[in-house]
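Remarks on the overall topology
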Amino acid sequence: MSRTKLHILDLAIFGGKPAFDAALHVGRPNIGDPQALLKRIKELLDRRWLTNDGPLLQEFEQRISGLIGVKHCMAVCNATIGLEIAIKALGLSGEVIVPSFTFIATPHALRWHGVTPVFCDLDPDTHNIDPLRVAELITRRTSGIIAVHVWGRPCDVHALADLAQYHNLKLVFDAAHAFACSYKGRMIGGFGNVEIFSFHATKFLNTFEGGAIVTNNDELAGKIRLMRNFGFAGLDTVTSLGTNGKMSEASAAMGLTSLESLERFIEANRRNYHLYQRELARVPGISVSRYHEDEKCNYQYIVLEIDEAVTGISRDTLDEILWVENVLTRRYFYPGCHRMEPYRTVEPEAGLRLPHTERLAETVLCLPTGSALSSTNITGVCALIEFIVRHAKAIKERLSMKPVFRHPWKGTSNREPHI
Ligand code: T4K
(Lines give C-alpha, C1' and ligand atoms only; values in the text may rest on other atoms or scores of the structure.)
Protein backbone atom coordinates (compact mmCIF):
# COMPACT_ATOMS: atom_id res chain seq x y z
CA MET A 1 0.00 0.00 0.00
CA SER A 2 1.12 3.54 -0.60
CA ARG A 3 0.30 6.70 1.32
CA THR A 4 -2.03 9.01 -0.55
CA LYS A 5 -0.99 12.64 -0.98
CA LEU A 6 -3.68 15.25 -0.48
CA HIS A 7 -1.55 18.37 -0.31
CA ILE A 8 1.89 19.17 -1.67
CA LEU A 9 3.18 19.41 1.91
CA ASP A 10 2.41 15.67 2.18
CA LEU A 11 5.25 15.05 -0.27
CA ALA A 12 8.33 13.60 1.41
CA ILE A 13 10.52 16.24 -0.22
CA PHE A 14 8.67 18.81 1.94
CA GLY A 15 8.83 16.68 5.09
CA GLY A 16 5.83 14.34 4.65
CA LYS A 17 6.03 10.58 5.11
CA PRO A 18 7.26 8.69 2.04
CA ALA A 19 4.54 7.13 -0.09
CA PHE A 20 6.17 3.73 0.29
CA ASP A 21 7.70 2.27 3.45
CA ALA A 22 10.02 -0.06 1.52
CA ALA A 23 12.03 1.01 -1.51
CA LEU A 24 10.73 0.09 -4.97
CA HIS A 25 13.66 -0.67 -7.27
CA VAL A 26 14.27 -0.69 -10.98
CA GLY A 27 16.09 -3.97 -11.63
CA ARG A 28 14.83 -5.93 -8.62
CA PRO A 29 15.86 -9.48 -9.52
CA ASN A 30 13.28 -12.02 -10.66
CA ILE A 31 13.74 -15.21 -8.68
CA GLY A 32 12.58 -18.60 -9.93
CA ASP A 33 11.71 -21.55 -7.70
CA PRO A 34 14.20 -21.38 -4.77
CA GLN A 35 13.76 -25.11 -4.04
CA ALA A 36 14.72 -26.05 -7.60
CA LEU A 37 17.77 -23.79 -7.33
CA LEU A 38 18.84 -25.24 -3.98
CA LYS A 39 18.46 -28.77 -5.36
CA ARG A 40 20.76 -27.93 -8.27
CA ILE A 41 23.26 -26.26 -5.93
CA LYS A 42 23.26 -29.32 -3.63
CA GLU A 43 23.85 -31.59 -6.63
CA LEU A 44 26.72 -29.50 -7.97
CA LEU A 45 28.33 -29.48 -4.53
CA ASP A 46 27.96 -33.27 -4.32
CA ARG A 47 29.55 -33.58 -7.78
CA ARG A 48 32.37 -31.27 -6.73
CA TRP A 49 32.31 -29.73 -10.16
CA LEU A 50 31.99 -26.00 -9.70
CA THR A 51 33.03 -24.41 -13.00
CA ASN A 52 35.00 -25.05 -16.27
CA ASP A 53 32.42 -26.36 -18.72
CA GLY A 54 30.42 -28.33 -16.16
CA PRO A 55 27.20 -30.24 -16.86
CA LEU A 56 24.89 -27.40 -15.74
CA LEU A 57 26.69 -24.94 -17.98
CA GLN A 58 26.36 -27.28 -20.94
CA GLU A 59 22.68 -27.80 -20.24
CA PHE A 60 22.14 -24.04 -19.89
CA GLU A 61 23.87 -23.35 -23.21
CA GLN A 62 21.79 -26.00 -24.97
CA ARG A 63 18.59 -24.56 -23.54
CA ILE A 64 19.48 -21.06 -24.74
CA SER A 65 20.45 -22.29 -28.23
CA GLY A 66 17.18 -24.21 -28.50
CA LEU A 67 15.07 -21.32 -27.28
CA ILE A 68 16.68 -18.74 -29.56
CA GLY A 69 17.14 -21.05 -32.52
CA VAL A 70 20.83 -20.27 -32.82
CA LYS A 71 23.60 -22.81 -33.47
CA HIS A 72 26.10 -21.81 -30.81
CA CYS A 73 25.75 -20.39 -27.32
CA MET A 74 28.81 -19.67 -25.18
CA ALA A 75 27.79 -18.65 -21.67
CA VAL A 76 30.14 -16.14 -20.05
CA CYS A 77 30.68 -14.60 -16.61
CA ASN A 78 29.07 -11.30 -17.68
CA ALA A 79 28.06 -9.51 -20.87
CA THR A 80 30.92 -7.01 -20.68
CA ILE A 81 33.48 -9.82 -20.94
CA GLY A 82 31.22 -11.30 -23.63
CA LEU A 83 31.54 -8.08 -25.64
CA GLU A 84 35.29 -8.03 -25.10
CA ILE A 85 35.71 -11.61 -26.29
CA ALA A 86 33.58 -10.87 -29.36
CA ILE A 87 35.68 -7.78 -30.10
CA LYS A 88 38.90 -9.85 -29.94
CA ALA A 89 37.50 -12.82 -31.83
CA LEU A 90 36.29 -10.60 -34.68
CA GLY A 91 39.56 -8.64 -34.73
CA LEU A 92 37.88 -5.26 -34.35
CA SER A 93 40.40 -2.41 -34.55
CA GLY A 94 40.66 1.28 -35.38
CA GLU A 95 37.14 2.71 -35.03
CA VAL A 96 33.84 1.04 -34.25
CA ILE A 97 30.50 2.84 -34.46
CA VAL A 98 28.33 2.58 -31.33
CA PRO A 99 25.38 4.43 -29.82
CA SER A 100 26.10 6.83 -26.99
CA PHE A 101 22.66 6.08 -25.52
CA THR A 102 23.67 2.80 -23.91
CA PHE A 103 25.18 1.43 -20.72
CA ILE A 104 28.83 2.43 -20.41
CA ALA A 105 29.91 -1.23 -20.84
CA THR A 106 29.35 -1.00 -24.62
CA PRO A 107 32.01 1.65 -25.42
CA HIS A 108 34.23 0.59 -22.50
CA ALA A 109 34.59 -2.94 -23.92
CA LEU A 110 35.99 -1.41 -27.12
CA ARG A 111 38.21 1.13 -25.47
CA TRP A 112 39.56 -1.52 -23.08
CA HIS A 113 40.93 -3.25 -26.19
CA GLY A 114 42.39 -0.10 -27.72
CA VAL A 115 39.54 0.38 -30.21
CA THR A 116 38.00 3.86 -30.56
CA PRO A 117 34.21 3.97 -30.09
CA VAL A 118 32.67 6.51 -32.47
CA PHE A 119 29.36 7.64 -31.02
CA CYS A 120 26.37 7.70 -33.29
CA ASP A 121 22.99 9.39 -32.84
CA LEU A 122 19.74 7.50 -32.48
CA ASP A 123 16.30 7.28 -33.94
CA PRO A 124 14.09 9.19 -31.45
CA ASP A 125 11.17 6.82 -32.05
CA THR A 126 13.01 3.59 -31.26
CA HIS A 127 15.87 4.92 -29.09
CA ASN A 128 18.15 2.72 -31.21
CA ILE A 129 21.13 3.64 -33.37
CA ASP A 130 20.04 5.25 -36.66
CA PRO A 131 21.46 3.46 -39.74
CA LEU A 132 21.47 6.74 -41.72
CA ARG A 133 23.69 8.35 -39.10
CA VAL A 134 25.86 5.22 -38.98
CA ALA A 135 26.47 5.53 -42.74
CA GLU A 136 27.75 9.09 -42.30
CA LEU A 137 30.35 7.98 -39.75
CA ILE A 138 31.98 5.18 -41.75
CA THR A 139 35.61 5.96 -42.63
CA ARG A 140 38.62 3.94 -43.75
CA ARG A 141 39.41 3.32 -40.07
CA THR A 142 36.01 1.77 -39.32
CA SER A 143 36.16 -1.97 -38.68
CA GLY A 144 32.69 -2.60 -37.30
CA ILE A 145 29.39 -1.55 -35.78
CA ILE A 146 28.17 -2.50 -32.33
CA ALA A 147 24.46 -1.77 -32.23
CA VAL A 148 22.41 -2.11 -29.04
CA HIS A 149 18.81 -3.36 -28.89
CA VAL A 150 17.95 -0.71 -26.30
CA TRP A 151 15.19 -1.76 -23.85
CA GLY A 152 14.96 -5.05 -25.78
CA ARG A 153 13.41 -3.27 -28.75
CA PRO A 154 15.17 -4.50 -31.88
CA CYS A 155 17.43 -2.24 -33.93
CA ASP A 156 16.85 -1.80 -37.64
CA VAL A 157 18.72 -5.06 -38.12
CA HIS A 158 18.32 -5.36 -41.89
CA ALA A 159 19.49 -1.80 -42.65
CA LEU A 160 22.53 -2.29 -40.40
CA ALA A 161 23.32 -5.67 -41.99
CA ASP A 162 23.15 -4.10 -45.48
CA LEU A 163 25.49 -1.31 -44.41
CA ALA A 164 27.92 -3.74 -42.80
CA GLN A 165 27.95 -5.95 -45.87
CA TYR A 166 28.41 -3.07 -48.31
CA HIS A 167 31.35 -1.63 -46.36
CA ASN A 168 32.77 -5.01 -45.32
CA LEU A 169 32.32 -4.28 -41.62
CA LYS A 170 31.76 -6.63 -38.72
CA LEU A 171 28.35 -6.33 -37.11
CA VAL A 172 27.84 -7.06 -33.41
CA PHE A 173 24.60 -6.67 -31.49
CA ASP A 174 24.78 -5.83 -27.82
CA ALA A 175 21.61 -7.73 -26.93
CA ALA A 176 22.05 -7.24 -23.16
CA HIS A 177 18.38 -6.18 -22.88
CA ALA A 178 16.93 -8.37 -25.60
CA PHE A 179 16.84 -11.97 -24.43
CA ALA A 180 13.57 -13.65 -25.53
CA CYS A 181 12.68 -10.80 -27.92
CA SER A 182 12.17 -11.09 -31.66
CA TYR A 183 12.74 -9.05 -34.81
CA LYS A 184 10.39 -9.64 -37.75
CA GLY A 185 9.36 -12.93 -36.17
CA ARG A 186 12.91 -14.24 -35.67
CA MET A 187 14.43 -14.44 -32.22
CA ILE A 188 17.16 -11.93 -31.45
CA GLY A 189 20.45 -13.79 -31.11
CA GLY A 190 21.00 -14.98 -34.66
CA PHE A 191 21.69 -11.60 -36.30
CA GLY A 192 24.98 -9.98 -37.31
CA ASN A 193 28.26 -11.82 -36.73
CA VAL A 194 27.47 -12.28 -33.08
CA GLU A 195 25.04 -11.13 -30.38
CA ILE A 196 25.61 -10.84 -26.63
CA PHE A 197 22.99 -11.26 -23.90
CA SER A 198 23.33 -10.14 -20.28
CA PHE A 199 22.03 -12.26 -17.43
CA HIS A 200 23.05 -9.80 -14.72
CA ALA A 201 20.96 -9.82 -11.53
CA THR A 202 19.02 -6.77 -12.76
CA LYS A 203 18.07 -8.37 -16.07
CA PHE A 204 14.67 -10.05 -16.22
CA LEU A 205 16.37 -13.43 -16.54
CA ASN A 206 19.44 -13.69 -14.37
CA THR A 207 22.30 -16.00 -13.49
CA PHE A 208 23.43 -13.72 -10.58
CA GLU A 209 26.17 -12.38 -12.90
CA GLY A 210 26.42 -13.74 -16.42
CA GLY A 211 25.83 -13.45 -20.11
CA ALA A 212 26.03 -15.37 -23.34
CA ILE A 213 27.62 -14.93 -26.75
CA VAL A 214 25.48 -16.43 -29.50
CA THR A 215 26.25 -16.96 -33.18
CA ASN A 216 25.47 -19.20 -36.15
CA ASN A 217 29.08 -19.07 -37.35
CA ASP A 218 30.91 -22.36 -36.55
CA GLU A 219 34.42 -20.98 -36.96
CA LEU A 220 33.75 -17.91 -34.83
CA ALA A 221 32.09 -20.04 -32.15
CA GLY A 222 35.16 -22.28 -31.97
CA LYS A 223 37.40 -19.25 -31.55
CA ILE A 224 35.17 -17.75 -28.86
CA ARG A 225 35.06 -21.02 -26.88
CA LEU A 226 38.84 -21.09 -26.79
CA MET A 227 39.16 -17.41 -25.90
CA ARG A 228 36.67 -17.79 -23.05
CA ASN A 229 39.03 -20.32 -21.45
CA PHE A 230 42.47 -18.64 -21.77
CA GLY A 231 42.92 -20.06 -25.28
CA PHE A 232 43.29 -23.65 -23.97
CA ALA A 233 42.75 -26.23 -26.71
CA GLY A 234 43.84 -29.15 -24.54
CA LEU A 235 45.16 -29.84 -21.08
CA ASP A 236 48.43 -28.08 -21.77
CA THR A 237 47.98 -26.61 -25.22
CA VAL A 238 47.19 -22.94 -25.69
CA THR A 239 46.45 -21.97 -29.28
CA SER A 240 45.36 -18.35 -28.94
CA LEU A 241 45.19 -15.37 -26.68
CA GLY A 242 42.35 -15.79 -24.21
CA THR A 243 40.86 -14.66 -20.97
CA ASN A 244 38.78 -16.09 -18.15
CA GLY A 245 35.22 -15.54 -19.32
CA LYS A 246 33.74 -18.73 -17.88
CA MET A 247 30.37 -18.97 -16.20
CA SER A 248 30.30 -20.96 -12.94
CA GLU A 249 28.04 -23.93 -12.25
CA ALA A 250 26.21 -21.95 -9.55
CA SER A 251 25.35 -19.28 -12.14
CA ALA A 252 24.27 -21.92 -14.65
CA ALA A 253 22.07 -23.46 -11.91
CA MET A 254 20.44 -20.08 -11.41
CA GLY A 255 20.08 -19.70 -15.18
CA LEU A 256 18.37 -23.06 -15.61
CA THR A 257 16.07 -22.35 -12.68
CA SER A 258 15.26 -18.89 -14.07
CA LEU A 259 14.49 -20.36 -17.49
CA GLU A 260 11.85 -22.58 -15.89
CA SER A 261 10.04 -19.38 -14.86
CA LEU A 262 10.71 -17.45 -18.06
CA GLU A 263 7.07 -17.19 -19.10
CA ARG A 264 6.01 -16.12 -15.61
CA PHE A 265 8.62 -13.33 -15.59
CA ILE A 266 7.55 -12.08 -19.01
CA GLU A 267 3.89 -12.23 -18.01
CA ALA A 268 4.57 -10.19 -14.84
CA ASN A 269 6.48 -7.57 -16.87
CA ARG A 270 3.76 -7.51 -19.51
CA ARG A 271 1.04 -6.99 -16.89
CA ASN A 272 3.06 -4.22 -15.26
CA TYR A 273 3.64 -2.53 -18.63
CA HIS A 274 -0.06 -2.53 -19.50
CA LEU A 275 -1.03 -1.24 -16.08
CA TYR A 276 1.52 1.58 -16.28
CA GLN A 277 0.29 2.41 -19.80
CA ARG A 278 -3.30 2.56 -18.62
CA GLU A 279 -2.69 4.50 -15.41
CA LEU A 280 -0.32 7.04 -16.93
CA ALA A 281 -2.39 7.65 -20.06
CA ARG A 282 -4.27 10.39 -18.17
CA VAL A 283 -1.11 12.25 -17.14
CA PRO A 284 -0.34 14.97 -19.68
CA GLY A 285 3.26 15.20 -20.88
CA ILE A 286 4.22 11.70 -19.73
CA SER A 287 4.43 8.87 -22.21
CA VAL A 288 5.36 5.25 -21.64
CA SER A 289 7.62 4.00 -24.46
CA ARG A 290 5.79 1.32 -26.41
CA TYR A 291 6.80 -2.22 -27.21
CA HIS A 292 5.76 -3.69 -30.55
CA GLU A 293 3.50 -6.44 -29.35
CA ASP A 294 3.35 -8.18 -32.69
CA GLU A 295 6.92 -9.23 -31.82
CA LYS A 296 8.07 -11.24 -28.80
CA CYS A 297 8.99 -8.80 -26.02
CA ASN A 298 10.31 -9.24 -22.49
CA TYR A 299 8.88 -5.86 -21.36
CA GLN A 300 11.67 -5.53 -18.81
CA TYR A 301 11.99 -1.75 -18.84
CA ILE A 302 9.24 0.76 -18.16
CA VAL A 303 10.58 3.84 -19.89
CA LEU A 304 8.93 7.23 -19.46
CA GLU A 305 9.56 10.20 -21.69
CA ILE A 306 8.81 13.45 -19.94
CA ASP A 307 7.83 16.51 -21.94
CA GLU A 308 8.55 19.30 -19.49
CA ALA A 309 6.74 21.88 -21.62
CA VAL A 310 3.52 19.97 -20.86
CA THR A 311 4.14 18.47 -17.39
CA GLY A 312 5.55 21.72 -16.00
CA ILE A 313 8.14 19.66 -14.16
CA SER A 314 11.51 18.43 -15.38
CA ARG A 315 12.58 14.80 -15.47
CA ASP A 316 15.25 15.52 -12.85
CA THR A 317 12.85 17.18 -10.41
CA LEU A 318 10.37 14.35 -10.83
CA ASP A 319 13.19 11.84 -10.27
CA GLU A 320 14.30 13.62 -7.10
CA ILE A 321 10.79 13.82 -5.68
CA LEU A 322 10.12 10.14 -6.41
CA TRP A 323 13.34 9.01 -4.74
CA VAL A 324 12.36 10.56 -1.41
CA GLU A 325 9.02 8.80 -1.73
CA ASN A 326 11.02 5.53 -1.93
CA VAL A 327 10.42 5.06 -5.64
CA LEU A 328 14.00 4.56 -6.83
CA THR A 329 13.66 5.51 -10.50
CA ARG A 330 16.70 5.46 -12.81
CA ARG A 331 17.80 7.96 -15.43
CA TYR A 332 19.18 5.37 -17.86
CA PHE A 333 21.34 6.31 -19.86
CA TYR A 334 22.01 9.80 -18.53
CA PRO A 335 24.15 11.74 -19.40
CA GLY A 336 25.04 9.64 -22.47
CA CYS A 337 28.36 7.81 -22.79
CA HIS A 338 29.88 10.70 -24.77
CA ARG A 339 29.60 12.83 -21.62
CA MET A 340 31.41 10.26 -19.47
CA GLU A 341 35.15 9.67 -19.16
CA PRO A 342 37.37 8.93 -20.96
CA TYR A 343 35.20 9.91 -23.93
CA ARG A 344 34.25 13.40 -22.77
CA THR A 345 37.88 14.53 -22.69
CA VAL A 346 38.61 13.04 -26.12
CA GLU A 347 35.66 14.76 -27.83
CA PRO A 348 34.14 17.44 -25.58
CA GLU A 349 31.83 18.69 -28.33
CA ALA A 350 30.42 15.29 -29.31
CA GLY A 351 26.98 16.36 -28.06
CA LEU A 352 26.66 18.81 -30.96
CA ARG A 353 26.38 15.92 -33.41
CA LEU A 354 24.18 13.80 -31.10
CA PRO A 355 21.07 15.96 -30.65
CA HIS A 356 18.57 13.10 -30.22
CA THR A 357 20.83 11.35 -27.70
CA GLU A 358 21.21 14.58 -25.73
CA ARG A 359 17.46 15.18 -25.63
CA LEU A 360 16.62 11.63 -24.65
CA ALA A 361 19.27 11.53 -21.93
CA GLU A 362 17.50 14.57 -20.39
CA THR A 363 13.95 13.28 -20.66
CA VAL A 364 13.91 9.52 -20.00
CA LEU A 365 13.11 7.95 -16.66
CA CYS A 366 12.86 4.22 -15.90
CA LEU A 367 10.28 3.02 -13.39
CA PRO A 368 10.36 -0.07 -11.17
CA THR A 369 8.95 -3.26 -12.61
CA GLY A 370 9.50 -7.03 -12.41
CA SER A 371 7.83 -9.89 -10.57
CA ALA A 372 8.54 -8.38 -7.13
CA LEU A 373 6.23 -5.43 -7.84
CA SER A 374 2.51 -5.64 -7.06
CA SER A 375 -0.25 -3.93 -9.02
CA THR A 376 -1.05 -1.82 -5.96
CA ASN A 377 2.56 -0.63 -5.99
CA ILE A 378 2.12 0.40 -9.61
CA THR A 379 -1.18 2.22 -9.12
CA GLY A 380 0.44 3.94 -6.13
CA VAL A 381 3.44 5.08 -8.22
CA CYS A 382 1.15 6.30 -11.00
CA ALA A 383 -1.12 8.19 -8.58
CA LEU A 384 1.97 9.84 -7.13
CA ILE A 385 3.25 10.89 -10.57
CA GLU A 386 -0.21 12.19 -11.47
CA PHE A 387 -0.32 14.19 -8.22
CA ILE A 388 3.13 15.68 -8.87
CA VAL A 389 2.26 16.72 -12.43
CA ARG A 390 -1.11 18.12 -11.35
CA HIS A 391 0.60 20.28 -8.74
CA ALA A 392 3.77 20.98 -10.74
CA LYS A 393 3.50 24.75 -10.53
CA ALA A 394 2.97 24.89 -6.77
CA ILE A 395 5.69 22.28 -6.17
CA LYS A 396 8.19 24.23 -8.24
CA GLU A 397 7.38 27.45 -6.41
CA ARG A 398 7.76 25.76 -3.05
CA LEU A 399 11.02 24.11 -4.12
CA SER A 400 12.46 27.48 -5.05
CA MET A 401 11.55 28.89 -1.60
CA LYS A 402 12.60 26.30 0.97
CA PRO A 403 15.39 23.87 1.71
CA VAL A 404 14.06 20.39 1.00
CA PHE A 405 14.60 16.82 2.17
CA ARG A 406 16.87 15.11 -0.31
CA HIS A 407 17.28 11.39 -0.57
CA PRO A 408 20.47 10.57 1.36
CA TRP A 409 21.90 8.54 -1.58
CA LYS A 410 21.01 11.03 -4.27
CA GLY A 411 23.57 13.58 -5.31
CA THR A 412 26.47 12.17 -3.32
CA SER A 413 26.39 8.81 -5.06
CA ASN A 414 24.07 6.91 -7.32
CA ARG A 415 24.18 3.79 -5.16
CA GLU A 416 21.23 2.74 -3.10
CA PRO A 417 21.29 1.10 0.29
CA HIS A 418 21.31 -2.68 0.26
CA ILE A 419 17.68 -3.20 1.18
N1 T4K B 1 25.25 -3.56 -22.51
C2 T4K B 1 24.13 -2.98 -22.08
C3 T4K B 1 23.24 -2.28 -23.05
C4 T4K B 1 23.78 -3.05 -20.72
O5 T4K B 1 22.65 -2.44 -20.27
C6 T4K B 1 24.62 -3.73 -19.84
C7 T4K B 1 24.30 -3.79 -18.42
C8 T4K B 1 25.78 -4.35 -20.35
C9 T4K B 1 26.06 -4.24 -21.70
C10 T4K B 1 26.72 -5.10 -19.47
O11 T4K B 1 26.12 -6.26 -18.93
P12 T4K B 1 26.82 -7.00 -17.65
O13 T4K B 1 28.30 -6.97 -17.86
O14 T4K B 1 26.38 -6.26 -16.41
O15 T4K B 1 26.26 -8.39 -17.73
C16 T4K B 1 22.65 -2.07 -13.97
C17 T4K B 1 23.29 -3.42 -14.19
O18 T4K B 1 24.35 -3.64 -13.25
C19 T4K B 1 23.84 -3.59 -15.57
O20 T4K B 1 24.04 -4.97 -15.77
C21 T4K B 1 22.83 -3.09 -16.61
N22 T4K B 1 23.33 -3.13 -17.94
C23 T4K B 1 22.44 -1.67 -16.29
C24 T4K B 1 21.43 -1.14 -17.27
O25 T4K B 1 21.86 -1.64 -15.00
P26 T4K B 1 23.45 -0.13 -12.45
O27 T4K B 1 24.75 0.55 -12.29
O28 T4K B 1 22.25 0.68 -12.69
O29 T4K B 1 23.20 -1.20 -11.28
P30 T4K B 1 22.71 -0.95 -9.79
O31 T4K B 1 23.62 -1.72 -8.89
O32 T4K B 1 22.55 0.49 -9.53
O33 T4K B 1 21.31 -1.69 -9.73
C34 T4K B 1 20.18 -1.24 -10.42
C35 T4K B 1 18.94 -1.44 -9.56
O36 T4K B 1 18.72 -2.80 -9.29
C37 T4K B 1 18.97 -0.75 -8.22
O38 T4K B 1 17.70 -0.15 -8.02
C39 T4K B 1 19.17 -1.86 -7.22
C40 T4K B 1 18.55 -3.04 -7.89
N41 T4K B 1 19.22 -4.30 -7.54
C42 T4K B 1 20.48 -4.53 -8.03
C43 T4K B 1 21.12 -5.70 -7.74
C44 T4K B 1 22.51 -5.95 -8.30
C45 T4K B 1 18.59 -5.21 -6.73
O46 T4K B 1 17.45 -4.97 -6.27
N47 T4K B 1 19.22 -6.39 -6.45
C48 T4K B 1 20.47 -6.69 -6.94
O49 T4K B 1 21.00 -7.80 -6.67
O50 T4K B 1 23.63 -1.13 -13.69
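Keep in mind that this is a model prediction, so the values were computed, not measured.

1. As for the packing of helix H1 (residues 34–47) against helix H8 (residues 249–260)
Two packed helices can be described by the angle between their axes and the distance between those axes. One can describe the packing of H1 onto H8 by two numbers: an axis separation of 9 Å at closest approach and a directional angle of 150 degrees. By the criterion of interaxial angle, the relationship of H1 to H8 is roughly antiparallel. With respect to the hand of their crossing, H1 and H8 are arranged in right-handed fashion. Only Glu 249, Ala 250, Ala 253, Met 254, Leu 256, Thr 257 and Glu 260 of H8 make contact with H1, whose side of the interface consists of Ala 36, Leu 37, Arg 40, Ile 41, Leu 44 and Arg 47. Each residue belonging to the contact of H1 with H8 can be placed in one class, and the counts come to 8 nonpolar, 1 polar and 4 charged.

2. Let's talk about the nonpolar core
If you look at the biggest cluster of nonpolar residues, it comprises 103 residues, and the most contacted ones within it are Leu 11, Trp 151, Phe 179 and Leu 280. When residues of this core are assigned to their parent elements, the largest contribution, 8 residues, is made by helix H14 (residues 375–390). In contact with Phe 179, not counting residues within four places along its chain, are Ile 64, Leu 67, Ile 68, Phe 197, Phe 199, Phe 204, Leu 205, Leu 259, Leu 262 and Asn 298. Core analysis: the next-biggest nonpolar cluster, separate from the first, contains 31 residues, Ala 89, Ile 196, Ala 221 and Cys 337 among them.

3. Regarding the side chain of His 177
Take His 177: it is sitting in the loop between strand E6 (170–174) and strand E7 (182–183). Excluding residues within four positions of it along the chain, His 177 makes contact with His 149, Val 150, Trp 151, Gly 152, Lys 203, Asn 298, Gln 300, Tyr 301 and Phe 333.

4. Considerations on the pattern of salt bridges
Summed over all chains, the structure comprises 22 salt bridges. The residue Arg 359 makes a salt bridge to Glu 305 at a minimum N-O spacing of 3.7 Å. With a gap of 54 residues between them, Arg 359 in helix H13 (residues 355–363) and Glu 305 in strand E14 (residues 302–306) connect regions that are remote in the sequence. Its relative accessible area of 39% is what places Arg 359 among the partly exposed residues. Between Asp 316 and Arg 331 there is a salt bridge, with the nearest N and O atoms lying 3.2 Å from each other. Here Asp 316, found in helix H11 (residues 315–324), pairs with Arg 331, found in the loop between strand E15 (327–328) and helix H12 (343–346); they are 15 residues apart in sequence, far enough to count as distant. For Arg 331, a relative accessible area of 24% translates into the label partly exposed. Because the salt bridges share partners, they merge into one network encompassing Arg 315, Asp 316, Asp 319 and Arg 331.

Quick notes on the rules
- Counting starts from 1 at the beginning of each chain's written sequence and moves along it residue by residue.
- Residues qualify for local features only when their pLDDT is at least 70, as the model is predicted, and side-chain atom pairs are given and counted only at 80 or more; totals for whole chains, interfaces and linings, by contrast, use all residues.
- Processing note: side-chain calculations cover all non-hydrogen atoms of the structure and skip hydrogens and water entirely.
- The axes are straight lines fitted to the C-alpha atoms, using for helices just the contacting stretch, and the angles between their N-to-C directions are given from 0 to 180°.
- Think of it this way: any DSSP run of H or I at least four residues long counts as a helix, any run of E at least two long counts as a strand, and we number them from the N terminus.
- Working rule for angles: under 35 degrees goes down as roughly parallel, over 145 as roughly antiparallel, 65 to 115 as roughly perpendicular, anything else as oblique.
- Should the near helix be turned anticlockwise from the far one by less than a right angle, the crossing is left-handed, and should it be turned clockwise, the crossing is right-handed.
- Contacts between residues were defined by any pair of non-hydrogen atoms, one from each residue, lying within 4.5 Å.
- Under the grouping applied here, Gly and all other residues not named as nonpolar or charged are polar, the nonpolar ones being Ala, Val, Leu, Ile, Met, Phe, Trp, Tyr, Cys and Pro and the charged ones Asp, Glu, Lys and Arg.
- Joining through side-chain atoms within 4.5 Å is the link that ties buried Ala, Val, Leu, Ile, Met, Phe, Trp, Tyr and Cys residues into a set, and such a set is a nonpolar core.
- Burial classes: relative accessible area under 20% of the type maximum marks a residue as buried, over 50% as exposed, and values in between as partly exposed (1.4 Å probe, protein chains only).
- A pairing counts as a salt bridge when a side-chain nitrogen of Lys or Arg comes within 4 Å of a carboxyl oxygen of Asp or Glu.

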